[in-house]
Amino acid sequence: MRDYKKYIVWQKSHELVLDIYKTTRDFPKDELFALTNQMKRSSSSIPTNIAEGCGRNSDKDFCRFLYIAFGSANELEYQIILSIDLQFIQIENGQKLLFQIEEFKKMLNGLITKLNNANS
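All figures in this text were calculated on a predicted structure; none of them were measured in a lab. (Residues numbered from 1 in each chain as written. Predicted model: local features only at pLDDT ≥ 70, side-chain atom pairs only at ≥ 80, totals over all residues. Heavy atoms only, no water.)

A.B. asks: It is not clear to me how the side chain of E31 should be interpreted in this structure. Could you clarify?
C.D. replies: With respect to the helices and strands, the residue E31 is situated in the loop between α1 (8-24) and α2 (35-54). A distance of 3.2 Å separates a polar side-chain atom of E31 from the backbone nitrogen of L35. Those residues within four positions of E31 in sequence are excluded, and the remaining contacts are T36, N37 and F88. (Helix = DSSP H or I, 4+ residues; strand = E, 2+ residues; numbered from the N terminus. Polar contact = N/O pair within 3.5 Å; in protein donor to acceptor, adjacent residues only side chain to side chain. Contact = heavy atoms within 4.5 Å.)

A.B. asks: When you look at the environment of K114 in this model, what are you seeing that I'm missing?
C.D. replies: For K114, the position within the fold is in helix α4 (residues 91-118). Accessibility expressed as a relative area gives 61% for K114, which makes it exposed. K114 sits 20 residues away from G94 along the chain, and the two C-alpha atoms are 30 Å apart. (Buried < 20%, exposed > 50% of the residue type's maximum accessible area, 1.4 Å probe, protein only.)

A.B. asks: Help me understand the packing of aromatic side chains, please; the structure alone is not making it clear to me.
C.D. replies: By convention here, two paired aromatic rings are described through the distance between centres and the angle between planes. What the rule picks out here adds up to three aromatic pairs. On the basis of an interplanar angle of 65° and a centroid distance of 5.7 Å, the ring pair of Y7 and F62 is categorised as edge-to-face. Here F62 lies in helix α3 (residues 59-85) and Y7 lies in the segment before α1, a separation of 55 residues in the sequence. The partly exposed category is assigned to Y7, whose relative accessible area is 22%. (Phe/Tyr/Trp six-rings, centres within 6.5 Å; stacked < 30°, edge-to-face > 60°.)

See below:
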């Protein structure tokens, strides 16, 4: 069994969740059950799926959960773009979050490729 906390990709995704929670504190209150909630859910889905995948018995199962995490990262990326356009997030902070996601997705893609190559 893998220890998800040792994966840098999980650590980075956890940091991203914390940043999203901090950022959405300043969103309009009428967005509490809308975009704010969606962003919290999609961001927390990323490290959650990595953790769940680490508990699986095979690299194939682990990869399946990594792909789900990747999809959640794409979802969050769009939500950040929308938040910038709606002026809920300042451009500078939004760009920082988008950079974090891009960095995370590259790392996640590398892990997926490594696991897939190991099983080819």
